[in-house]
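Observations on the three-dimensional arrangement
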Amino acid sequence: MNESGLKGVEGFLVELGSTAPAPGGGAAAALTGAMAAALVEMVAGISSRRAAPQEGRLGRIRQDAEEIRTALTKAIEEDAAAYGEVSKALNMPKTTEEEKAARREALARALRRAAEVPLSTARAALRVLDLCEELVPLASRHLQSDIAAAAQLARAATCTALYNVDANCLWIRDQEFLTEMRPLRVELSQEADRKTARLLTQLETSLTSWLGERDSNPH
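This write-up is about the structure you can find in this document.

Observations concerning the side chain of threonine 32
In this fold, threonine 32 is placed in helix α2 (residues 25-48). With relative accessibility at 16%, the residue threonine 32 sits in the buried group. In contact with threonine 32, other than residues within four places in its own chain, are Leu153, Ala156 and Ala157.

Below you can see the structure in the form of structure tokens.
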């Protein structure tokens, strides 16, 4: 990474660590998912140079990963902007009944958006897990650790994003919206757990083989 890239990462982390409420967990989830997608992109690119018969599939995986990375990078700003709209709505005047009604409507709209953005992040991160699974039989064994890392990062991004969905849905009173969101949130969490467990079952057996057979009863 060049110096300007390092400064960009450092700048984001300084913002994340500041007392400002945004960027927060949703932006961190998007960045984590983008890193997972970038690892998949890298593995697919390297592998395509070494496995000509699979080059078409690997090229498509790399392209998909690049698109997801781009979308998740944009989601970093989108999440912060969504929070900004919530903050703006909370600061609207509420002296008259008309002002109170306008504030309630703006806040409801902003909270829905603030829940939808991390939900989209979780969906994108889950797609990275699908690409990881597809990549396992195509990639070099020397790149398995990168796929495993991508899988763990993608799961972390999914779970972190869903916590941000939760945080916003706790304040939403639109029952129709919540009824739509509940099964989506549960399904995404369960899928992330299932897909990660399936991937790591394949990858960790090989990656940790150097440890040898471990005694199940060390006493």
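Still to come is the rest of the account.
A look at the nonpolar core
Ranked by internal contacts, the top residues of the largest apolar core, which has 55 residues, are Val40, Val128, Cys132, Leu135, Ile147 and Cys169. Secondary-structure elements contributing two or more residues to this core are α2, α3 (55-90), α4 (97-135), α5 (144-169) and α6 (175-207). For this core, the element with the highest residue contribution is α4, accounting for 16 residues. If we ignore the near neighbours within four places in the chain, the residues touching valine 40 are Ile61, Ala65, Val128, Leu131, Cys132, Leu135 and Ala150. In this structure, Phe12, Ala27, Ala30 and Ala75 belong to the second largest nonpolar core, which totals 5 residues.

Describing unusual backbone geometry
Omega for the bond connecting alanine 22 with proline 23 falls within 30 degrees of zero, at 5°, which places this linkage in the cis form. Position of proline 23 relative to the elements: it lies in the loop between α1 (3-17) and α2.

Rules used throughout
- Residues numbered from 1 in each chain as written.
- Predicted model: local features only at pLDDT ≥ 70, side-chain atom pairs only at ≥ 80, totals over all residues.
- Heavy atoms only, no water.
- Helix = DSSP H or I, 4+ residues; strand = E, 2+ residues; numbered from the N terminus.
- Buried < 20%, exposed > 50% of the residue type's maximum accessible area, 1.4 Å probe, protein only.
- Contact = heavy atoms within 4.5 Å.
- Core = buried A, V, L, I, M, F, W, Y, C linked by side-chain atoms within 4.5 Å.

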